[in-house]
Amino acid sequence: ELSLGHRQVVKDWNFDFNFNLTSIRNRAVDLEGRDLRSDGIIEGYPVLSEFGFKSNGIIRDQQTLDENPYLEDYGKSVGDIWILDLDGDGDLNGDDRTIIGNKYPKFYYGFMSTVGFKSFSLQLQLQGVQGIDRDVRGGNHTVFHYFNQWAMNHDRRILDRFNEEQNPDGAWPRVDVSDQGKNRELSEFWLHDASFLRIRNINLNYTVPPALASTIGMQNLSMYVSVQNLHTFTKFGGPEVDTQEDPLTGIPQPRVWSIGLKAGF
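Residues numbered from 1 in each chain as written. Predicted model: local features only at pLDDT ≥ 70, side-chain atom pairs only at ≥ 80, totals over all residues. Heavy atoms only, no water.

*Asks:* Looking at this structure, how should I read the side chain of Asn183?
*Replies:* By secondary structure assignment, the location of Asn183 is in the loop between strand 9 (133-135) and strand 10 (191-193). For Asn183, a relative accessible area of 2% corresponds to the buried category. (Helix = DSSP H or I, 4+ residues; strand = E, 2+ residues; numbered from the N terminus. Buried < 20%, exposed > 50% of the residue type's maximum accessible area, 1.4 Å probe, protein only.)

*Asks:* Would you explain unusual backbone geometry in this entry?
*Replies:* The bulk of non-glycine residues show a negative phi, and the bulk of peptide bonds are trans. Of note in this structure, Asp179 is not a glycine but carries a positive phi near 55°. One can find Asp179 in the loop between strand 9 and strand 10.

*Asks:* Even after reading the chapter, I still don't get the packing of aromatic side chains, so can you show me in this structure?
*Replies:* Both the distance between ring centres and the angle between the ring planes are used here to describe each pair of aromatic rings. Per the stated rule, a full pass over the model turns up ten aromatic pairs. Residues Trp13 and Phe15 carry aromatic rings whose centres are separated by 6.1 Å and whose planes lie at 5° to one another, so their mutual orientation is stacked. On the basis of relative accessible area, Phe15 is assigned to the partly exposed category, the value being 23%. Lys182 extends its terminal NZ or CZ atom over the ring of Tyr74, reaching a point 4.5 Å from the ring centre. When the ring centre of Tyr224 is taken as origin, the NZ or CZ atom of Lys262, which lies over that ring, is 5.5 Å away. (Phe/Tyr/Trp six-rings, centres within 6.5 Å; stacked < 30°, edge-to-face > 60°. Lys NZ or Arg CZ within 6 Å of the ring centre and 35° of its normal.)

*Asks:* Looking at this structure, I do not really get the sheet that holds strand 8 (residues 120-130). What am I missing?
*Replies:* Backbone hydrogen bonds are what pair the strands of a sheet, in a parallel or an antiparallel way. With respect to topology, seven strands assemble into an open sheet ordered 1-2-7-8-11-12-13, the strand pairing being antiparallel. Edge positions in the sheet fall to strand 1 (2-10) and strand 13 (256-264), since each of these pairs with one other strand and no more. When the angles between neighbouring strand axes are averaged without regard to direction, this sheet yields 10°. Bridging between strand 7 (residues 107-117) and strand 8 involves eleven bridges; their strand directions are antiparallel. Of the residues in strand 8, the one forming a bridge with Phe107 is Gln130. (Pairing = 2+ DSSP bridges. Axes fitted to C-alpha atoms, helices over the stretch in contact; angles between N-to-C directions.)

*Asks:* I'm lost on the pattern of salt bridges in this one. Help?
*Replies:* Pairs may arise between side chains of opposite charge once their charged atoms sit close together. Applying the stated criterion across every chain, the model contains four salt bridges. Put simply, Asp80 and Arg174 hold a salt bridge, and the shortest N to O gap is 2.8 Å. Of this pair, Asp80 sits in the loop between helix 2 (69-73) and strand 5 (81-83) while Arg174 sits in the loop between strand 9 and strand 10, and the two are 94 residues apart along the sequence. With respect to burial, Asp80 and Arg174 carry one shared label: buried. Between Asp176 and Arg174 there is a salt bridge, with its nearest N and O atoms 3.3 Å apart. Judged by relative accessible area, Asp176 falls into the buried class, the value being 11%. Sharing partners across several salt bridges, the network here consists of Asp80, Arg174 and Asp176. (Salt bridge = Lys/Arg side-chain N within 4 Å of Asp/Glu carboxyl O.)

*Asks:* I tried to follow the environment of Ser187 on my own but got confused; where do I start?
*Replies:* Inspection of the secondary structure assignment puts Ser187 in the loop between strand 9 and strand 10. With residues near it in sequence (within four places) discarded, Ser187 still touches Phe53, Ser55, Ile81, Ile83 and Ile100. (Contact = heavy atoms within 4.5 Å.)

*Asks:* Is there a simple way to think about the confidence of the model for the protein chain in this case?
*Replies:* Do not read the fine detail of predicted coordinates wherever pLDDT is low. When pLDDT is averaged along the protein chain, the result is 85; 87% of the residues meet or exceed 70. The low-confidence segment residues 241-249 (pLDDT under 50) makes 30 contacts with residues lying over four places distant or belonging to another chain. (pLDDT = per-residue confidence, 0-100.)

*Asks:* What is the right way to read a nonpolar patch on the surface from this model?
*Replies:* A cluster of nonpolar side chains, namely Phe120, Leu122, Leu204, Val225, Trp257 and Ile259, defines an oily patch on the protein surface of about 640 Å² accessible area. Going through the elements one at a time, strand 8 and strand 13 are the ones with two or more residues in the nonpolar patch. Inspection of the secondary structure assignment puts Ile259 in strand 13. The class for Ile259 is exposed, based on a relative accessible area of 77%. (Patch = residues over 30% accessible without salt bridge, like charges linked within 9 Å, V, L, I, M, F, W, Y side chains within 5 Å. Areas by Shrake-Rupley, 256 points an atom, 1.4 Å probe, with all protein chains shown as cover.)

*Asks:* Before we go on, may I ask you to explain the nonpolar core in this structure?
*Replies:* A general feature of soluble globular proteins is that nonpolar side chains tend to end up buried together. Membership of the largest hydrophobic core comes to 25 residues, with the highest contact counts inside it found for Leu71, Ile81, Leu92, Phe189 and Trp190. Mapped by element, the contributors of at least two residues to this core are helix 2 and strand 5. By residue number, the principal contributor to this core is strand 5, which donates three residues. (Core = buried A, V, L, I, M, F, W, Y, C linked by side-chain atoms within 4.5 Å.)

Here you go:
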């Protein structure tokens, strides 16, 4: 953990800045010969790492299948997720799985500042997470169900599915009721970078001078306006969510505006 702060007063101005950084590391040291790879536990790697297949996007033409015959042997067709044969033996199986992501962030960080001028003060709070992967298939692979046996327009991503004629550049695999291409298996394709930086809170406050407040029978009086979760900078929809039905959409962080008056008699 690292924490840095600075406080300074310059005439009518006052400044208070604080920055914090937290990084947590763990790794499996000795499994006593047990094979726990399917649980994401491998000696020398962080506990509960994402364990699956390396991938290379979507198979978009027959030429790719012809040049990589192991794909068709595994049941892959045009429009399926392209899984890589890591050991190069021409056979796609469990031995080709490896560590493909990290459920734990590389670090958390935050920033808080207060800048004051006479009776005014402005507070700013930032919150961030860097270097974390999320499996966008959802809890119990709920999202992926829309691409096979329960294929429905329940999710807008289904509109950008691969189709050789109508959408050859589709970002998501083809719809296949029986999932013959085994697209549901965990691969890099389903892991997305969930790093984010959020403007957590902004608060502007004005304190009425005591002499003026006393003229209306008050000991102190202040007014403020604030906004929570003003904006989140991220390529991911739900960066703070670990398990839920649809982690790509995420649980919304509502933007809340507040206006208040504090008075003491």
